[in-house]
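Chains, contacts and geometry: an overview
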Amino acid sequence: MSANVTVVGAGISGLTCAVRLQEQGHAVTVVTADEPAGTVSRLAAAVWYPTRTAADPRVLGWAHRTYDELMAQAAAGVPGVVPRPTRMILRGTHATPWWAAAVPDFAAGPDEWRFTVPSVEMEVYLPWLLDRFETAGGRLVRHRLARLADAPLVAGGADVVVNASGLAARDLAGDPAVHPARGQVVGVANPGLVTSVRDEDHPAGMTYVHPRSRDVVLGGTFQPGDWDTTVDPATTAAILARCVELVPELAGAPVVWQAVGLRPARHGGARVELDPVALPGGARVVHDYGHGGAGITLAWGCAEEVGTLTGGAAGA
Ligand SMILES: Cc1cc2nc3c(=O)[nH]c(=O)nc-3n(C[C@H](O)[C@H](O)[C@H](O)COP(=O)(O)OP(=O)(O)OC[C@H]3O[C@@H](n4cnc5c(N)ncnc54)[C@H](O)[C@@H]3O)c2cc1C
């Protein structure tokens, strides 16, 4: 049965849900406070990797599904999506990671892991998703909701509301487990790099080098509970130093941008479920938020589950 669905949020979670729900025949409206270009998703590095995500069969399923979808999109020439060879530096001994099951060419050496993952340039990918949604008849409404219960009103009616509001779910869903995990990143001109390099356990902080078509994203920080969105110059200098140490070809590469984003983290992991309580007007709520540092990595898998939950809630 097709339903009227309102998706709250136009980041990676909201737009992937909107596209999938549309494909299932639902009439979908997206309500968002910010343009896609103004979301946290726009700032993501955005490389497939389940950063600080606990091993869990559901999460592995979402990650696996997203890996396959993004690799298929890369093969189909979707703008901004490319397979990226990756080196992960190991400090100490490590067992094979739980997520390796999703990565076909994962190879473990004594000092590093090597694998290929999809990487996404969000600057072009989010507009591509929005265009795909709108071309198929989807409607985007720009509005900052004071309460989730207002979503059906703003959209002109809804049987199901999908809550993909990221960090704002702390208030909109009254969920105190949601909190920011601050991330500062630096963009430098790309001196010709193609391989991602990660040193997650660097004693001075997580360190990563993610080449893109024109620039390289250098990171980073992961600061739970920190709401400060201003760029800290000392942190930028430290990130540059660690990344040049890791990849000496970066020495002297000009800085072209700097940014801070607040990852929508959640104690207990992402919440992808049907809310047992309906909104006052009767609309059911399906939640899809709290993906922390792995929102791009989990997006398509979560959107598929949201599709199943929405179909169930709408009586399909
Ligand atoms: C520096 C950095 C690097 C990262 N790198 C990676 C990476 O390499 N790989 C990876 O997988 N992930 C990465 N992430 C994490 C990823 O960016 C997030 O997990 C993901 O973007 C969350 O997407 P979202 O759509 O759930 O939330 P958001 O992108 O925050 O979108 C939330 C949406 O909800 C809307 N909204 C909020 N409040 C309201 C309201 N009251 N009314 C209406 N609409 C509202 C907003 O306007 C927005 O459209 C990174 C994050 C950062 C900060």
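See the structure above.
So, here's what we can say about the structure.

So, how was this worked out
- Residues numbered from 1 in each chain as written.
- Predicted model: local features only at pLDDT ≥ 70, side-chain atom pairs only at ≥ 80, totals over all residues.
- Heavy atoms only, no water.
- Near = heavy atom within 4 Å.
- Polar contact = N/O pair within 3.5 Å; in protein donor to acceptor, adjacent residues only side chain to side chain.
- Areas by Shrake-Rupley, 256 points an atom, 1.4 Å probe, with all protein chains shown as cover.
- Helix = DSSP H or I, 4+ residues; strand = E, 2+ residues; numbered from the N terminus.
- Buried < 20%, exposed > 50% of the residue type's maximum accessible area, 1.4 Å probe, protein only.
- Pairing = 2+ DSSP bridges.
- Axes fitted to C-alpha atoms, helices over the stretch in contact; angles between N-to-C directions.

In this section: the site of the ligand. Around the ligand lies a shell of 37 residues, among which Ser13, Asp34, Ser41, Gly292 and Thr297 are the nearest. Here Leu145 contributes a backbone N or O atom positioned 2.8 Å from a nitrogen atom of the ligand. Here Ile296 contributes a backbone N or O atom positioned 3.0 Å from an oxygen atom of the ligand. About the coverage of the ligand: the protein hides 96% of its 1,000 Å² of free accessible area. Mapped by element, the contributors of at least two residues to the shell around the ligand are helix H1 (12–23), strand E2 (27–32), strand E8 (178–189), strand E13 (255–266) and helix H7 (295–313).

A word on unusual backbone geometry. The amide bond that connects Gly219 to the next residue, Gly220, takes the cis arrangement and shows omega of 0°. Positive phi, normally seen in glycine, also occurs at Arg52, with a value near 50°. By relative accessible area, Arg52 is classed as exposed at 52%.

So, about the sheet that holds strand E7 (residues 160–163). Here six strands make up an open sheet; going across it, the order is E6-E2-E1-E7-E15-E14 and the pairing mixed. Because the sheet does not close on itself, it has two edges, and the strands there are strand E6 (139–142) and strand E14 (271–274). Going from strand to strand, the sheet's axes swing by 20° on average, the running direction of each strand aside. Bridge analysis of strand E1 (residues 4–8) against E2 gives five bridges, and the strand direction is parallel. Paired with Thr6 across the two strands is Thr29, which belongs to E2.

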